[in-house]
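A closer look at the structure
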Amino acid sequence: MYPSSTSLAVGVSARGCVPNHRLTACALTLLGVLTASQLDAARLSATPPASAEESTTLTVNVTLTGGTNSRTRYEVSGTFAGTAVNVTTNPDGVSFVVTFAATPLGLQTLTLKLYETDLNEEQQILDDMQQLQDDIADWQADIAQWEAEIDAWEAEMATLGNTFWDRIRRRMLERAIERNEDRIADAQDSIAQAEDDLSELQDDLDNLARLRDTKNYTIDVVAPPPPPLPPTAPEFAVVSELNAVVGQTLTTTFTATDPNAGDMVTYSGSFYVSGEEHMLEPQAYLDPVTGDFTYTPASNQVGDRELVLFAVDSTELYSSMTVVVHVLFAAPGTFVSAPFGPGNDTTAALAAGDVNGDGFVDLVTGNISGRNYVYLNDGSGNFTQGADLGAADFTFTIAEIGDLNGDSYPDVAVARFGRVNTVHFNDGMGNFPVSANFAGSATRSVALADMDNDGDNDLVVANDNGQGANVLLNNGSGAFPTAYNLSVGDHPSGVAVADLNGDGLRDVVTVDQGGQNKVHLNTGSGFTASTFGPGNDSSQSVACADMNGDGSMDIVVGNNTSNNNRCAVYFNNGSGGFLVSGFEFGVAMNTFALKTSDMDNDGDSDVVVANYSQQNVIFYNDGSGNLLTSMGLGTASDNSRALALADFDNDGRTDVAVGNNGAVNGQNWVWFNR
């Protein structure tokens, strides 16, 4: 038995028509509009100040005059000099507090506006809007019910067959679906109309507040008077440091201003040069105080000097200023610098060589912390980071780059202080995939040379803390099973290799931070030691070169400043003998690295030194071993510990790579010889 057709009407809304809600709302809204005779007579009343100091916060109380009533909401807004003010409504609803900052300077306008809103009219609009929202919700519920009925009927139709009663039933369901679809369309139209009505009512609500009154007030914003000045000492314009160059006159002007206008100030001071105090003549000036200081440093005055200045006024209040004058060697007028590396390396070692076979000299950095890296040269002196040689781990020195395993590719020997020393073997492309360890403990210096004339490169290491120095003989494949011990003190810090006695065998020079420097002559079956130098130089670096052009290799030593010792050249007597005293040059410097090369292309060996917390210097040889002319590289604040000399830009001149150690002054540089 099929259900009767009347059951199909279940759930259909009894709402037979959609009322015109906009007309109803408008009609209801008109009921709340006040007639002209009903409008309030409220007006703004305020008494702001005629003037105010700049940047002060002003508070203005605003009241309403002319009568108010409870069916109206009152609102005040405003601007001062075009910027909105802050308005607070008091609990009584008819008085207000206006606050704003007095700025900018000059005559400015405070504009206040009073707005009124009829609360009855506002409530009527809100009621109309609520009614529309309720109707929309009802229609949406009806639509959901009608759509559910359609879904159910369509599902039933899908089960009907082709019998007579099935066809009758299908026709009844189709008509019911059509009725619901018409209802849905009518409801959707009603919703759209109601939403339009809501939008118009919202506009009415937004515009309901009526401008009742406007007032403009002029306020003169003036600058606050300066605070009275107590008696105050003269104040120097701060100058913390100056640079002075050897042989060049430094002239600078200092200024001290006395806050007490018109006061007489006396300017004086003293300057300390080479331990002597040079007084500056007192001179009196009217405020402000200015005075010139002129100084031409000599070569023996390199270092940091103090200039102390005083300014005393008539009330005997005074101030002083200490200026550090960095006395430097001549600026590198023929050198141009460029950085390489990240800028915060702790570089203590540099080595130069063509590691990737492109014909250009590359660089390898050894760092105390961080990583050791290869920097590849593009041929113009621009360096990009290449192979990673592993954790730095207190790398103090890198040997000159050379082939250590007989494959003709330049390898890198890295010495780590208190850690394992390592040889990194080159694959010919500048990569170092294989490494091996070599002997040494607390190693401070390592050199590479063929010490036994068997055609392969050996290693010479100097170890600190009483660990001695050794010659490590290469078996040809990069292993060093045989070692010769060298007679050294407890703190050898540098090693150099050269044939010092002309017998065709390479000899060894070791320098010591806490003891005697020594020459170790190679006999072919061992080494015979002799001393040179005074024994208390605190030496840190060493190089060998023919400094006086006599055909014999001389020794150049770099010292630290602990005993106020200068760098020195020790001349060879031709048989590998050297005097106790050498030719000293420069001033006492903390020289961590020292290299020799012909820097000015005049055919003799010059000396380049890297100093810690002092300027790096090139000393030019006159051909006889006299190093009387010099040129500074960098500044006195460089923390340099490493050097490499090579023609990095392929212009035929020797350039200088400097490795610096420190988070602040840790940038590494290449100085191009122009």
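Residues numbered from 1 in each chain as written. Predicted model: local features only at pLDDT ≥ 70, side-chain atom pairs only at ≥ 80, totals over all residues. Heavy atoms only, no water.

Let's talk about the overall build of the protein chain
We apply this condition: Secondary structure counts use DSSP, requiring at least four H or I residues in a row for a helix and at least two E residues in a row for a strand, with both numbered from the N terminus. Only protein chains enter the area calculation, which uses a 1.4 Å probe; residues under 20% of their type maximum are buried, those over 50% are exposed, and those in between are partly exposed. Whether two residues are in contact is decided by their heavy atoms, any of which lying within 4.5 Å being enough. Computed with a 1.4 Å probe, the accessible areas rest on the Shrake-Rupley method; for each residue, only the protein chains presented here act as cover.
When helices and strands are counted, the protein chain shows 3 helices and 45 strands. Across the 674 residues that make up the protein chain, the buried fraction comes to 46%. Here the analysis covers contacts within the protein chain between residues at least 6 apart in sequence; of these, 56% occur between residues at least 24 apart. Surface exposure of the protein chain reaches about 30700 Å², of which carbon and sulfur atoms provide 50%.

Thoughts on the sheet that holds strand S45 (residues 668-673)
To keep things clear, this is the line we draw: A pair of strands is treated as paired once DSSP finds two or more bridges between them. Orientation is described by axes fitted as lines to C-alpha atoms, over the contacting stretch for helices, and by angles from 0 to 180 degrees between their N-to-C directions.
One open sheet holds the 4 strands; their spatial order is S18-S45-S44-S43, and the pairing between them is antiparallel. The open sheet is flanked by strand S18 (335-340) and strand S43 (640-646), the only strands paired with a single partner. For this sheet, the mean angle separating the axes of adjacent strands, direction not counted, is 20°.

Concerning the packing of helix H2 (residues 119-157) against helix H3 (residues 164-206)
Let me state the cut-off plainly: For classification purposes, an angle smaller than 35 degrees is called roughly parallel, one larger than 145 roughly antiparallel, one from 65 to 115 roughly perpendicular, and anything else oblique. Rotating anticlockwise by less than a right angle from the far helix to the near helix defines a left-handed crossing, while the corresponding clockwise rotation defines a right-handed one. Each residue gets one label: Ala, Val, Leu, Ile, Met, Phe, Trp, Tyr, Cys and Pro are nonpolar, Asp, Glu, Lys and Arg are charged, and the others, such as Gly, are polar.
As a packed pair, H2 and H3 sit with axes 8 Å apart at the nearest point and diverge in direction by 160°. Relative to H3, the element H2 is oriented roughly antiparallel. The handedness of the crossing between H2 and H3 is left-handed. Tallied by class, the residues present in the contact of H2 with H3 amount to 21 nonpolar, 6 polar and 14 charged.

Topic: the pairing of strand S6 (residues 86-89)
Where S6 meets strand S7 (residues 95-101), 4 bridges bridge the pair, whose relative direction is antiparallel. Considered in S7, the bridge of Thr88 is made with Val97.

Concerning H2
Note the following rule: To estimate the expected span of a helix, count its residues, drop one, and scale the result by 1.5 Å. As used in this structure description, the phrase polar contact means that two N or O atoms lie within 3.5 Å; if the pair is within protein, one of them must be able to donate a hydrogen and the other to accept it, and residues adjacent in sequence are counted only when both atoms belong to side chains.
Its 39 residues place the ends of H2 57 Å apart at the C-alpha level, agreeing with the 57 Å of an ideal helix rising 1.5 Å per residue. Near the N-terminus of H2, the side chain that reaches the backbone nitrogen of Asn120, with its oxygen 2.9 Å away, is that of Asp118.

Concerning the environment of Glu156
With respect to the element layout, Glu156 can be found in helix H2. Accessibility expressed as a relative area gives 24% for Glu156, which makes it partly exposed. Put simply, Glu156 and Arg170 are 14 residues apart on the chain and 8.7 Å apart in space, counted from C-alpha to C-alpha. Sequence-distant contacts of Glu156, defined by excluding residues within four places in its chain, comprise Arg169 and Leu173.

Thoughts on the side chain of Thr365
Of note, Thr365 is situated in strand S20 (residues 362-367). What Thr365 contacts, discounting residues up to four positions off in sequence, is Phe340, Thr347, Ala349, Leu350, Asn372, Tyr373, Tyr375, Ile398 and Asn668.

Concerning unusual backbone geometry
In this chain, Thr103 is followed by Pro104 through a cis amide linkage whose omega measures 5°. Within the secondary structure, Pro104 sits in the loop between S7 and strand S8 (106-118). The backbone phi angle of Ala442 is positive, close to 55°, even though this residue is not glycine. Relative to the assigned elements, Ala442 resides in the loop between strand S26 (434-438) and strand S27 (443-449). Classification of Ala442 as buried rests on a relative accessible area of 5%. Residue Asn465 is not a glycine yet carries a positive backbone phi of 60°. Structurally, the position occupied by Asn465 is in the loop between strand S28 (458-463) and strand S29 (468-473).

Some words on the packing of aromatic side chains
Aromatic ring pairs are defined here through the distance separating the ring centres and the angle between the ring planes. Put simply, the rule is: When the centres of two rings from Phe, Tyr and Trp lie within 6.5 Å, Trp using its six-membered ring, the rings pair. Their planes under 30 degrees apart give stacked, over 60 give edge-to-face, and anything left gives tilted.
Counting across every chain of the model gives 12 aromatic pairs. Ring geometry for Phe383 and Phe648: centres 5.7 Å apart, planes at 75°, overall edge-to-face. One end of the pair, Phe383, is in strand S22 (residues 383-391); the other, Phe648, is in the loop between S43 and strand S44 (655-660), with 265 residues separating them in the sequence. One exposure class covers both Phe383 and Phe648, and it is buried. Taking 6.1 Å as the distance between ring centres and 50° as the angle between the ring planes, the aromatic pair formed by Phe532 and Phe578 counts as tilted. One end of the pair, Phe532, is in strand S34 (residues 527-532); the other, Phe578, is in the loop between strand S37 (567-570) and strand S38 (583-585), and 46 residues separate them in sequence. Neither residue differs from the other here; Phe532 and Phe578 are each classed as buried. What links up through ring pairs into an aromatic cluster is the set Phe340, Tyr373, Tyr375, Phe383 and Phe648.

Honestly, it's all geometry; don't read function into it.
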